[in-house]
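Listed below are the residues making up each chain.
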Amino acid sequence: MTRESITIASGCLLALAAYHYHKKKLNEAVEKILILRDAERKGRIKAEIQLRSAIKNQEEQRVAASSAFYEQSDENQNPLLLRCIGSVVSPFTKRMGTPRQGALAPHARAFIELNSSVAPMETLDGIEKYSHAWILFTFHANTDVHALSVKTKVKPPRGGGIKVGSMATRSPHRPNNIGLSLVQITGIDHKKKRLHIAALDLVNGTPVYDIKPVVPWDVPGKFDGKELSVPAWVSNDDELKEVTFTDEAESQLEILLKRKKLFPLYSLNDLSDAKKAVQEVLAQDPRGQNNRGKLGNKDPYKITFCKVQISFVVGEDGVANVVNVSKLDLDDATFVDGIPLSKEGTMAS
């Protein structure tokens, strides 16, 4: 064995030893957080975010060790290390209330703030001539414990309890934590390094890895002469009949727009669009799987939208009624990956 081979082998062993040491320590930390998560219901959100941070650190250690190994190995293992080109500023500050597909909420606005050191604005020259784009991103808000292993089957939210393979769904729980979303392009702000988009299903803070313009043959009506087909559960029409606002709730929304609680995505002149965006989100019935489809609830359900909290009830007639729009105090909130741990909303006045 040559001296060079010995050096490479030693480097690989050191990298792997460091990886296993950090993996053991991080696994211990994750184990403690999992126990906390199960034991304390009231601390669930905080524990989940701590869990996500621990998993993220674990993944960073794994990538660092893998990178060191591959750099010193002749074997072609096809690693792919992605660089984040920007992040999403979205009205969906939490997963609950984020549309399952962006096209279902065409009045929802957002923008992608580019990291100019990785993707200068010149990389977007000409993209404004396209109407839509594909966004390649990571499911950064995923706190499911199965992120530590491969989750082979999932229950689609609208599948009626059936289980299918994770890759037969759009679930965030997949071998690689990668998502693909179709969005509408609405403009470019070269000065602020932003690509403005609409009709999205991306949580605030979502890391973006690539942007590709949509061309006509991406979404044809037919494939090789055959009509597009999907499973029956995908086509389930379970939208709520209608979404209305009480006079008080609409007034509260207008007040909060004036106070810039929906800024920079919506301003006071955008009351109609902001209201329509909320209606489009609620029409998809964002309640939890156990409550989705049920009619006649007395206690309001709540979702977040920008820096406000939307409270709504669903009547026996299938109509969702927004009964309160309140501000969220995020000034002292702890943000993890763009998602806040916040206090309960307070009444707009």
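Counting of residues starts from 1 at the beginning of each chain's written sequence and follows it residue by residue. In keeping with the predicted nature of the model, local features appear solely for residues at pLDDT of at least 70, side-chain atom pairs appear and are counted solely at 80 or more, and the whole-chain, interface and lining totals rest on all residues. As a rule here, side-chain values come from all non-hydrogen atoms in the structure, and water together with hydrogens is ignored.

Counted only if it meets this: UniProt positions are given in the numbering used here, feature names are shortened, and annotations may be inferred rather than shown by experiment.
As annotated in an unreviewed UniProt entry, the protein chain carries the name TsaA-like domain-containing protein and comes from Chaetoceros tenuissimus. In the Sequence similarities (unreviewed entry) part of its UniProt record, the protein chain is described as follows: "Belongs to the tRNA methyltransferase O family."

1. Some words on the overall build of the protein chain
Heads up, the condition is: Secondary structure elements are defined from DSSP: runs of H or I of at least 4 residues count as helices, runs of E of at least 2 residues count as strands, and each element is numbered from the N terminus. Under the scheme applied here, a residue whose accessible area is under 20% of the maximum for its type counts as buried, over 50% as exposed, and between as partly exposed, the area being computed with a 1.4 Å probe on protein chains only. Residue contacts are defined here by distance: any two heavy atoms, one from each residue, within 4.5 Å place the two residues in contact.
Looking only at helices and strands, one finds 4 helices and 17 strands in the protein chain. The buried share among the 349 residues of the protein chain stands at 39%. Within the protein chain, residue pairs in contact and separated by at least 24 positions form 67% of the contacts whose partners lie at least 6 positions apart.

2. Side note on a nonpolar patch on the surface
Counted only if it meets this: Each patch is built from salt-bridge-free residues with over 30% relative accessible area, joining like charges within 9 Å and nonpolar side chains (Val, Leu, Ile, Met, Phe, Trp, Tyr) within 5 Å. Accessible surface is estimated by sampling points in the Shrake-Rupley manner with a 1.4 Å probe; for residues, cover comes only from the protein chains shown. When a carboxyl oxygen of Asp or Glu lies within 4 Å of a side-chain nitrogen of Lys or Arg, that pair is called a salt bridge.
Together, L80, L82 and I178 make up an exposed nonpolar region whose accessible area comes to about 290 Å². Positionally, L80 belongs in the loop between α2 (44–71) and β1 (86–89). Accessibility expressed as a relative area gives 65% for L80, which makes it exposed.

3. Let's talk about the nonpolar core
For clarity, the cut-off: To define a nonpolar core, start from buried Ala, Val, Leu, Ile, Met, Phe, Trp, Tyr and Cys residues and group those joined through side-chain atoms within 4.5 Å.
With 53 residues, the main nonpolar core has I211, Y266 and F305 as its most contacted residues. Contact partners of F305, with chain neighbours within four places excluded, come to P91, F92, T93, L262, Y266, A277, V278 and I310.

4. Some words on the confidence of the model for the protein chain
Filter applied, for reference: The predictor's confidence in any single residue is recorded as pLDDT, a number from 0 to 100.
With 70% of its residues at a pLDDT of at least 70, the protein chain reaches an overall mean of 81. Here residues 343–349 is modelled with pLDDT under 50, and outside its nearest four sequence neighbours on either side it reaches 21 contacts, counting other chains as well.

5. Focus on the sheet that holds β1
We count it as follows: When DSSP finds at least two bridges between two strands, those strands are taken to pair. In this description, a line fitted to the C-alpha atoms serves as the axis of each element, helices being fitted only across the stretch in contact, and the angle between N-to-C directions of two axes falls anywhere from 0 to 180 degrees.
Taking strand neighbours around the barrel as the criterion, the 6 strands line up as β1-β2-β7-β6-β3-β8 in a closed arrangement whose pairing is antiparallel. In this sheet, adjacent strand axes meet at a mean angle of 45° when their direction is disregarded. The pairing of strand β2 (residues 109–114) with strand β7 (residues 194–198) spans 5 bridges and is classified as antiparallel. Counterpart to A110 in the pairing with β7 is I197.

6. Let's talk about the side chain of D270
Topologically, D270 is positioned in the loop between α3 (247–258) and α4 (271–283). A residue is classified by how much of its surface remains accessible, and D270, at 17% relative accessible area, is buried.

7. Description of α4
In plain terms, the rule: Helix span, as expected, comes to 1.5 Å for every residue beyond the first.
Taking 1.5 Å per residue as the helical rise, α4 with its 13 residues ought to reach 18 Å, and the 18 Å between its terminal C-alpha atoms agrees with that figure. Considered for burial, the residues of α4 that qualify are L271, A274, A277, V278, E280, V281, L282 and A283. Residue D285 follows α4 closely and has a positive phi angle near 55°.

8. Describing the pairing of strand β11 (residues 242–245)
Each regular strand shows side chains that alternate between the opposite faces of the sheet. Burial of the side chains of β11 is restricted to one face: V243 and F245 are buried, whereas none of E242 and T244 on the reverse face is. In this sheet, strand β14 (residues 319–327) lies alongside β11 in parallel orientation, the contact comprising 4 bridges. Bridge pairing in β14 links V243 to A320.

9. Focus on α3
The terminal C-alpha atoms of α3, which comprises 12 residues, lie 17 Å apart, in line with the 16 Å expected from a rise of 1.5 Å per residue. Two residues or fewer past α3, K260 is found with a positive phi of approximately 65°.

10. Concerning the pairing of strand β3 (residues 132–138)
Taken across its 7 residues, β3 has 5 buried, putting it largely inside the fold. Inspection of the sheet shows β3 paired to strand β6 (residues 178–189) by 7 bridges, in the antiparallel sense. The residue bridging H132 from the neighbouring strand is Q184, located in β6. Relative to strand β8 (residues 207–213), β3 is paired through 5 bridges, and the arrangement is antiparallel. If you follow I135 over to β8, its bridge partner there is I211.

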